[in-house]
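Chains, contacts and geometry: an overview
Each chain, letter by letter, is given below.
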Amino acid sequence: MSVFVDEDTRVVVQGITGGEGKFHAGQMIEYGTNVVAGAVPGRGGQEVQGVPVYDTVEQAAREEDADASVIFVPPAFAGDAIMESLDSPLDLAVAITEGVPTQDMAAVRKRLSEVDTNLIGPNCPGIITPGESKLGILPGNIFSSGNVGLVSRSGTLTYQVVDSLSERGLGQSTAIGIGGDPIIGTTFVDALEAFEADPDTHAVAMCGEIGGEDEEKAAEFIGANMDTPVVGFIAGRTAPPGKRMGHAGAIVSGSGTGTAESKIDALNAAGAEVAETPEQVAGAIEDLL
C-alpha cells in the first residue's frame, strides 16, 4: 500500500504550458504517473506533453476525472493557483513553488480548514509512491518500492536518505517532501498519522530541521499514537541563533525553542531514535527491520 498517491491517482498539472510545468509533466509521465490534464487560464484547448489543457482546474478535474493536482506556477500567482485547487473536487494538491508570499499562504491555511482537499507544500519536491506515481520534481530513479515511509522538510535530505535506504535494499512505501516554509499544508503529524494507518509501512524516516515547533509536535504524536518505529534526523545543529539557514522556516529565534537540541530531546523522549547523519538514518532503520 501507500499514502496519498498510488497508481490510480489522476493528476492535473497547473502551469503545464510553462517551462518547469512542461518539463516536469513529461518527467512524471515518463515515470508512469497518470497525468490526465493541464490547467492554465486562457490556454484551454491546447495540448502539452500529449495531455489536454483546460482553462480551470475544476473543468480539468470534471472532464478527466482527476483527483490530484501538482502546481508549477510562479510565486506571485501560486497562492491563487493553490486556492483554485482547493475549490475544485480534488483529494490532493501538491505545490512545488518556492517563495509564495506569506500573506497568500495565510489565506490558504484558512481555506484548508474549510475543505477536504489535502495540500502538500509549497516549496517542496513533492510526493512519490515508488513504481506507481510521483507528483513533483523528485528524481524517480533513486527510489525503490518497499516498506519504509519517509517524510522530510528538505528535498536534499530526502534524496540522501532514500539513496542510502535503496543501497541497503530498503524500499519506500511513500516519500513525502512537506516543504520548509513557515506555513505549509501537510505537516509531520499529518504524514505520520497516514503512515501509522498504512499496514505496509513498517518503519518511518523523519527528516526535520531547526526552526518552528513542527518536530516537537511530531514527537508528541509519536509518543502518544505510533506503534510504527520512527528514526529521525535534525539538520542545522550548528546554526547560530537568529540566522536563517536554507529554508524560510529554518531559523532559531533565540528564545530556546526550535533548536536542534530541543527537537532531538523531544524525539528521544517519545521513543524515536535520532541519527547524527542522513546515512545513519538508513542504518538505524536497517537494524530495526
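Note that the structure is predicted; figures quoted are calculated from it, not measured.

Looking now at the pairing of strand β8 (residues 126-129). Along any regular strand, the residues point their side chains to alternate faces of the sheet. Taking every second residue as pointing to the same face, both faces of β8 are buried, with G126 and I128 on one and I127 and T129 on the other. Where β8 hands over to strand β9 (residues 133-136), the hairpin turn is made up of three residues, of which G131 adopts a positive phi near 80 degrees. The pairing of β8 with strand β11 (residues 172-177) spans three bridges and is classified as antiparallel. What sits directly across from I128, in β11, is A175.

Quick look at the packing of helix α6 (residues 188-197) against helix α7 (residues 214-225) now. Where α6 contacts α7, the two axes come as close as 8 Å, and the packing angle between them is 25 degrees. In this view, α6 runs roughly parallel relative to α7, as classed from their interaxial angle. Judged by the twist between their axes, the crossing of α6 over α7 is right-handed. Packed against α6, whose contacting residues are F188, V189, L192, E193 and E196, the element α7 presents D214, E215, K217, A218, F221, I222 and N225 at the interface. When its residues are assigned to classes, the contact of α6 with α7 shows six nonpolar, one polar and five charged.

A word on the environment of T228. By secondary structure assignment, the location of T228 is in the loop between α7 and β13 (230-235). Sequence separation of T228 and V204 is 24 residues, and the distance between their C-alpha atoms is 7.2 Å. The contacts of T228, once residues within four sequence positions are left out, are F195, E196, T201, H202, A203 and V204.

Here the amide bond leading from G121 into P122 is cis, since omega sits at 10 degrees, within 30 degrees of zero. Mapped onto the elements of the fold, P122 is located in the loop between β7 (118-120) and β8. For Q49, which is not a glycine, the phi torsion comes out positive at approximately 55 degrees. Among the structural elements, Q49 can be located in the loop between β3 (47-48) and β4 (51-54). On the basis of relative accessible area, Q49 is assigned to the partly exposed category, the value being 37%.

Overall, mixed pairing links the seven strands, which are arranged β9-β8-β11-β10-β12-β13-β14 in an open sheet. Edge positions in the sheet fall to β9 and β14 (273-274), since each has one partner strand and no second. In terms of strand pairing, strand β12 (residues 203-209) meets β13 through six bridges, oriented parallel. Bridging across to β13, M206 finds its partner in G232. α7 rests against β12 and β13 of the sheet, and its axis sits at about 155 degrees to β12. Relative to β13, helix α9 (residues 278-288) is tilted by about 170 degrees, and along the sheet it contacts β10 (145-152), β12, β13 and β14.

Time to look at the pattern of salt bridges. In the structure shown here, the tally under the stated rule is eight salt bridges. Measuring nitrogen to oxygen at the nearest pair gives 3.0 Å for the salt bridge that ties K110 to E114. According to the relative accessible area criterion, E114 is partly exposed, its value standing at 43%. In this structure, a network of salt bridges that share partners links the residues R153, E209, E215, E216 and K263.

Next up on the list: the domain arrangement of the protein. Note on interface size: it is often stated as the accessible area lost on association of the parts. Taken domain by domain, the protein holds domain 1 (10-120) and domain 2 (143-288). Computed from C-alpha coordinates alone, the two centres of domain 1 and domain 2 are separated by 27 Å. Contacts between domain 1 and domain 2 engage seven residues on the former and seven residues on the latter. Carbon and sulfur atoms supply 60% of the area buried between domain 1 and domain 2, which totals about 690 Å² over both sides. Three residues stand out in domain 1 for area buried against domain 2, namely M105, R109 and I120, and they jointly supply 56% of the buried area on that side. On inspection of domain 1 and its partner domain 2, the count reaches zero salt bridges. Inspection of the domain 1/domain 2 interface yields one residue pair in polar contact (both at pLDDT 80 or more). Per element, the largest residue contribution to the side of domain 1 that touches domain 2 is five residues, and it comes from helix α4 (residues 102-112). Split by residue class, the side of domain 1 that touches domain 2 holds five nonpolar, one polar and one charged.

Definitions and limits used
Counting restarts for each chain: residues are numbered from 1 in the order of the written sequence. Two thresholds apply to this predicted model, a pLDDT of at least 70 for residue-level local features and 80 or more for giving and counting side-chain atom pairs, whereas whole-chain, interface and lining totals are computed over all residues. Side-chain metrics rest on all non-hydrogen atoms present in the structure, leaving aside hydrogens and water. The cut-offs for exposure are 20% and 50% of the maximum accessible area for each residue type, with area from a 1.4 Å probe on protein chains only; residues under the lower value are buried, those over the upper are exposed, and the others partly exposed. The way it works is that DSSP assigns letters per residue, a run of H or I at least four long becomes a helix, a run of E at least two long becomes a strand, and they are numbered from the N terminus. Paired strands, in this sense, are two strands between which DSSP finds at least two bridges. Helix axes are fitted only over the stretch in contact, all axes being lines through C-alpha atoms; the angle between N-to-C directions runs from 0 to 180 degrees. The cut-offs work like this: below 35 degrees is roughly parallel, past 145 is roughly antiparallel, 65 to 115 is roughly perpendicular, and the gaps in between are oblique. In a left-handed crossing the near helix is turned counterclockwise from the far helix by less than a right angle, and in a right-handed crossing that turn is clockwise. Working rule for contacts: check all heavy atoms of both residues, and any pair within 4.5 Å makes them a contact. Note on residue classes: Ala, Val, Leu, Ile, Met, Phe, Trp, Tyr, Cys and Pro are nonpolar, Asp, Glu, Lys and Arg are charged, and everything else, Gly too, is polar. Whenever Lys or Arg places a side-chain nitrogen within 4 Å of a carboxyl oxygen from Asp or Glu, that contact is recorded as a salt bridge. An automatic or database domain assignment supplies the residue ranges for each domain. By buried area we mean how much accessible surface two parts lose on assembly, using a 1.4 Å probe and totalling the loss over both. Identification of polar contacts relies on pairs of N or O atoms within 3.5 Å, with a donor-acceptor requirement for protein atoms, meaning one able to donate a hydrogen and the other able to accept it, and with residues adjacent in sequence counted only if both atoms are side-chain atoms.

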